[in-house]
Amino acid sequence: FRTGAAELALPLMTSPTAIQPLLVGDDAQAMAISAALEAQGILISAIRPPTVPGGTARLRITLSAAHSDANVDQLLSTLAAVWPGELSR
């Protein structure tokens, strides 16, 4: 996942765990991306203040051994489609 996210220039935050935080910044934009992902069948929660500091809203991507390579590829392609602005891939 991290390799694919880097190829897309997604702003992943540092995390050595199964939880991969994707920095969005704006609260409303984080909610909009979360809703767009859910509309495509992918449940990714938006985490906003006061849980995180202002200006650091993020998506909380939780991976598990139950996720296949195809699931990860689907997540990455869907993120590329719904992420605001230009992404490389």
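Residues numbered from 1 in each chain as written. Predicted model: local features only at pLDDT ≥ 70, side-chain atom pairs only at ≥ 80, totals over all residues. Heavy atoms only, no water.

We now examine the overall build of the chain. Looking only at helices and strands, one finds 3 helices and 3 strands in the chain. Its helices and strands taken in sequence order, the chain reads α-β-α-β-β-α from the N to the C terminus. Taking 2.2 N^0.38 as the reference for a compact globule, 89 residues should give roughly 12 Å; the C-alpha atoms of the chain span a radius of gyration of 12 Å, in line with that estimate. Its C-alpha atoms give the chain principal-axis dimensions of roughly 35 × 25 × 25 Å. Taking all 89 residues of the chain together, the buried fraction comes to 35%. Sequence-distant contacts in the chain: of pairs separated by 6 or more residues, those separated by 24 or more amount to 59%. Entry remark: accessible area of the chain is about 5,100 Å², with carbon and sulfur atoms responsible for 54%. A distance of 9 Å separates the average location of the 5 positive side-chain charges in the chain from that of its 7 negative side-chain charges. (Helix = DSSP H or I, 4+ residues; strand = E, 2+ residues; numbered from the N terminus. Rg over C-alpha atoms; globule rule 2.2 N^0.38 Å. Buried < 20%, exposed > 50% of the residue type's maximum accessible area, 1.4 Å probe, protein only. Contact = heavy atoms within 4.5 Å. Areas by Shrake-Rupley, 256 points an atom, 1.4 Å probe, with all protein chains shown as cover. Lys, Arg positive; Asp, Glu negative; His and termini not counted. Charge placed at Lys NZ, Arg CZ, Asp CG, Glu CD.)

What follows concerns helix H2 (residues 27-39). Spanning 13 residues, H2 covers 19 Å between terminal C-alpha atoms, matching the ideal 18 Å at 1.5 Å per step. Residues of H2 that are buried in the fold lie against strand S1 (19-25), strand S2 (45-47), strand S3 (57-62) and helix H3 (69-82). The N-cap residue of H2 is Asp26: its side-chain oxygen and the backbone nitrogen of Ala28 are 3.2 Å apart. Immediately downstream of H2, the backbone of Gly41 shows phi near 85°, a positive value. (Expected span 1.5 Å × (residues − 1). Polar contact = N/O pair within 3.5 Å; in protein donor to acceptor, adjacent residues only side chain to side chain.)

Below, the discussion takes up the environment of Gln40. Among the structural elements, Gln40 can be located in the loop between H2 and S2. Gln40 sits 35 residues away from Leu75 along the chain, and the two C-alpha atoms are 9.6 Å apart. Beyond its immediate chain neighbours, meaning those up to four positions away, Gln40 contacts Gln74 and Thr78.

Right, let's get into the pairing of S1. Burial runs high along S1: 5 of the 7 residues are buried. Note that S1 and S3 share 6 bridges and pair antiparallel. In the strand pairing of S3, Ile19 is matched with Thr62. (Pairing = 2+ DSSP bridges.)

The next subject is the nonpolar core. The biggest cluster of nonpolar side chains holds 21 residues, and the ones touching the most others in it are Phe1, Leu22, Leu59 and Leu79. The greatest single-element share of this core, amounting to 4 residues, is contributed by H3. (Core = buried A, V, L, I, M, F, W, Y, C linked by side-chain atoms within 4.5 Å.)

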